[in-house]
Structures are given as structure tokens and as C-alpha cells.
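Now for the letters of each chain:
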Amino acid sequence: MRNMIIIGSGPAGLTAAVYAARANLEPLLIEGKEPGGQLTLTTLVENYPGFSDGIMGPQLMEEMRKQAQRFGAEIVNSHVHAVKLKEQPFRVYYGDQEVQAKTVVISTGSSAKLIGIETEIQLMGHGVSTCATCDGFFYRGKEIAVVGGGDSAMEEATFLTKFATKVSVIHRREALRASKIMQDRAAGNPKIHFVWNTVVEEILGSRETGVTGLKVRNIKTQGISELKVDGLFIAIGHNPNTDIFKGQVDLDDLGYIKTQPDSTRTNIPGVFACGDVQDPIFR
Ligand code: NAP
């Protein structure tokens, strides 16, 4: 029986672990499939307070991990595959273990959807990004592409025009899914160009050179062409990692865990959620 089990090891989970450990709750944190979370997919993090020269994403997460362990958090490198939260004590299952807990913190985050081509993972953090706020600054004076036609893509493209000289929005249809106001804002921006009915077939470049261009296919004509860009931002949505909580904790229409206003409480007393798993807005 544990006082607290924390599920997920991104900044939200590790912050919970630091505080819980310092409150003598002796938390058990189960890391999940991607230890450290989305920040381990980036390179230099320049906007985290306290690191004036920036810090590499994986190193920042390693520091948070060590900080939690210093206060006695127990961290297990495993993946939770099931939970039972409908009655006390709660039960959490990972590997072949069953652990009981008085409280559970859900910090499983969300995962950016990817296009599904091999090079996007190889070049993630080396010219490919899923976060304009995180990485836009590196593209001052450069040309970049954004994939997607929803509000996220419009927001990212508009934000990126602060740095880039040209932003090409590549969308697989010829109508945007984004809200009218976001569409109008993007369409009215002279730096944004739309590439309709088009999908990315290949990302050109290497981890050494970064992204040098894209091979794109027009899905109406099947014509292949090359687009010279220095970076690719993928903005085709996120999936909250909540599959194992479905039917147990209240989720919103998009699958994010519902928390009470100004709180990390879920609908189940003793079950809390923090970070991207309960935040579709700020991320
Ligand atoms: P979304 O609305 O689901 O849009 C995803 C876009 O990506 C769609 O245009 C979709 O194309 C495209 N797409 C999906 N999979 C693709 C693939 N494999 N290859 C190429 N394109 C693909 O996601 P979102 O833009 O992240 O928005 C999520 C929610 O957050 C929405 O409710 C949105 O309104 C909200 N949001 C609001 C704001 C704001 O108001 N400031 C900002 C961001 C997000 P199709 O159109 O062809 O399906």
C-alpha cells in the first residue's frame, strides 16, 4: 500500500514527485514508455526559468528526476497498463505488479500526432518540431513549413512569422478545419503561404545538417515536388494519453481528464491530474 502513486514522468509528474516526497508521502512514480516525456524529444530548451544559457531537454528531465529522487521519490522504469480507480484503495498495474495506493496522480501527458514517415522521428529536434513556442526562435530569418489545417496549425504558423521570412502551410485538403477567425488571421499574414491538397512524402536533411527541404506530393495530380525549407513544424493535433482511464475518470470530449476549476482534483476524491493530460489549451 502506497500513499501516492504518480503515473508519468514528464515535468508534471516529476514536479508532483518532488513536492510529494518533500511532504514525506514517499511517492512511487512509474515512468511510462517515454521516460521524461515530450521534452526528451527536443534539443535546446531556452525558455525554462533558471537556465540562462538554456539546457538540453533530456538533461533538464534528468535533473528533475534526480531532484525527485534526492527527496526519496521511488522511480520505476515501467509502464502502467491498467488501473482500478472506482474503489479505495486504488490499484495500479505495471509489468506483472499490482500496487495499491491511497492517492493517484495522473501525469501521463499527451503525444503530438505525427505524419507517419520515418525521417520525422530521426530529425525531431533537428529541424522537425511539434512546438512552435519551444523552437520557433531557432528559425529567425529562415523559411519553414507547417503541416496541418486546424487551429493549432494556424496558431503555430502565425506565431512563426515573428521569426521566419516565409511560412508555408501544407494542408492535405483545400479547405481548412481551423475556426474562421484563425483562418482569416493566417490568410491575412503576408508571410504565410498555403500549399493545398498536399502531403509531405519525405523530409530531406540529416541530424548534422538539419532539415534542408521537403519532398511533397499533390494528392490531386500526384505530382511530386521539392520545397526548400529549413524547418518543419507538425501541427496536426495531440492525443492525451488517457486510454487506461476511460470509463473510470471523467474525460472531456477530446479525451483530456477533467479537473475541477483551479484545482488538480478529478471527479474521484484522491485521484488528481496535472500537466498536458488535463490541459488542451496551454500545453
Ligand atoms: P485538429 O482540429 O484535429 O486539426 C488537425 C489538422 O491536422 C486537420 O486540418 C487535419 O486535416 C490535419 N491532419 C490530421 N492528421 C493529419 C495527417 N496524418 N497528415 C496531414 N494532416 C493531418 O487539431 P488542432 O488544430 O490541434 O486543434 C485541436 C483542438 O484545439 C481544436 O478543438 C481546436 O479548435 C483547439 N485549438 C484552439 C486554438 C485557439 O483557439 N487558439 C488553438 C489551437 C487549438 P483535415 O482537416 O483534413 O482533417
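1. Here we look at the nonpolar core
Generally speaking, nonpolar side chains in soluble globular proteins are found buried as a group.
Logical step 1: Of all hydrophobic cores here, the largest spans 22 residues; its most connected members are Leu85 and Ile106.
Logical step 2: For this core, the elements supplying multiple residues, two or more each, are strand E1 (2–7), strand E2 (28–30), strand E6 (80–84), strand E7 (90–94), strand E8 (97–106) and strand E19 (271–273).
Logical step 3: Sorting elements by how many residues they give to this core places E8 first, with four residues.
Logical step 4: With residues near it in sequence (within four places) discarded, isoleucine 106 still touches Ile7, Leu85, Phe245, Val249, Ile257, Val271, Phe272, Ala273, Cys274 and Val277.
Logical step 5: Grouped together as the second largest cluster of nonpolar side chains are 20 residues, Met4, Ala20, Met61 and Val105 included.

2. A look at helix H2 (residues 57–70)
Logical step 1: With 14 residues, H2 extends 20 Å from end C-alpha to end C-alpha; this agrees with the ideal 20 Å at 1.5 Å per step.
Logical step 2: On its buried side, H2 packs onto helix H1 (11–22), strand E3 (44–45) and strand E4 (55–56).
Logical step 3: At the exit of H2 stands glycine 72, carrying a positive phi of roughly 105°.

3. Remarks on the state of the cysteines
Logical step 1: By the definition in use, this model includes one disulfide.
Logical step 2: At a sulfur-sulfur separation of 2.0 Å, the disulfide partner of cysteine 131 is cysteine 134. Classification of the bridge connecting cysteine 131 and cysteine 134 rests on its S-S torsion, roughly 75°, and on that basis the disulfide is right-handed.
Logical step 3: For cysteine 131, a relative accessible area of 21% translates into the label partly exposed.
Logical step 4: Cysteine cysteine 274 shares no disulfide, and the gap to the nearest cysteine sulfur, in cysteine 134, comes to 18 Å.
Logical step 5: Relative accessible area serves as the criterion here: at 15%, cysteine 274 is assigned to the buried category.

4. Thoughts on the sheet that holds strand E10 (residues 128–129)
Logical step 1: Taking strand neighbours across the sheet as the criterion, the five strands line up as E10-E17-E11-E12-E13 in an open arrangement whose pairing is parallel. Each edge of the open sheet is held by one strand with a lone partner, namely E10 and strand E13 (192–195).
Logical step 2: Here E10 pairs with strand E17 (residues 231–234) via two bridges, running parallel. What sits directly across from valine 128, in E17, is leucine 232.
Logical step 3: Of the strands in this sheet, strand E11 (143–147), strand E12 (166–170), E13 and E17 are in contact with helix H5 (residues 151–160), which crosses E11 at around 170°.

5. Here we look at the side chain of serine 9
Logical step 1: You can see serine 9 is positioned in the loop between E1 and H1.
Logical step 2: A polar contact of 2.9 Å, which involves the side chain of serine 9, links it to the backbone oxygen of glutamate 31.
Logical step 3: Of the polar contacts made by the side chain of serine 9, one reaches the backbone nitrogen of glycine 36; its length is 3.0 Å.
Logical step 4: Beyond its immediate stretch of four places on either side in the chain, serine 9 contacts Leu14, Leu29, Glu31, Glu34, Pro35, Gly36, Gly37, Met61 and Ser107.

6. Observations regarding the site of the ligand
Logical step 1: Among the 14 residues in the neighbourhood of the ligand, the closest are listed as Asp151, Ser152, Arg172, Arg173 and Arg177.
Logical step 2: Interatomic distance of 2.6 Å between a side-chain N/O atom of aspartate 151 and an oxygen atom of the ligand.
Logical step 3: Within the side chain of arginine 177, a nitrogen or oxygen atom sits 2.6 Å from an oxygen atom of the ligand.
Logical step 4: Relative to its unbound accessible area of 900 Å², the ligand is 69% covered by the protein chains.
Logical step 5: The biggest single contributor to the shell around the ligand is H5, with three residues.
Logical step 6: Residues belonging to the shell around the ligand are distributed by class as follows: two nonpolar, six polar and six charged.

7. With respect to unusual backbone geometry
Logical step 1: Looking along the chain, the bond that leaves glutamine 88 and enters proline 89 is cis, with omega of -10°.
Logical step 2: In this structure, proline 89 sits in the loop between E6 and E7.
Logical step 3: Residues other than glycine seldom take positive phi values, yet asparagine 24 does so here, at roughly 60°.
Logical step 4: Mapping asparagine 24 onto the fold places it in the loop between H1 and E2.
Logical step 5: Accessibility expressed as a relative area gives 65% for asparagine 24, which makes it exposed.
Logical step 6: With a phi close to 45°, glutamate 26 is a non-glycine residue in the positive phi region.
Logical step 7: Within the secondary structure layout, glutamate 26 lies in the loop between H1 and E2.
Logical step 8: Residue glutamate 26 is classed as exposed on the basis of its relative accessible area of 55%.

8. Structural notes on the pairing of strand E14 (residues 198–206)
Looking along a regular strand, one sees the side chains alternate between the two faces of the sheet.
Logical step 1: Bridging between E14 and strand E15 (residues 210–218) involves eight bridges; their strand directions are antiparallel. Bridging from a neighbouring strand, threonine 198 pairs with asparagine 218 of E15.

About the cut-offs
- Residues numbered from 1 in each chain as written.
- Predicted model: local features only at pLDDT ≥ 70, side-chain atom pairs only at ≥ 80, totals over all residues.
- Heavy atoms only, no water.
- Core = buried A, V, L, I, M, F, W, Y, C linked by side-chain atoms within 4.5 Å.
- Buried < 20%, exposed > 50% of the residue type's maximum accessible area, 1.4 Å probe, protein only.
- Helix = DSSP H or I, 4+ residues; strand = E, 2+ residues; numbered from the N terminus.
- Contact = heavy atoms within 4.5 Å.
- Expected span 1.5 Å × (residues − 1).
- Disulfide = S-S within 2.5 Å.
- Pairing = 2+ DSSP bridges.
- Axes fitted to C-alpha atoms, helices over the stretch in contact; angles between N-to-C directions.
- Polar contact = N/O pair within 3.5 Å; in protein donor to acceptor, adjacent residues only side chain to side chain.
- Near = heavy atom within 4 Å.
- Areas by Shrake-Rupley, 256 points an atom, 1.4 Å probe, with all protein chains shown as cover.
- Nonpolar A, V, L, I, M, F, W, Y, C, P; charged D, E, K, R; others polar.

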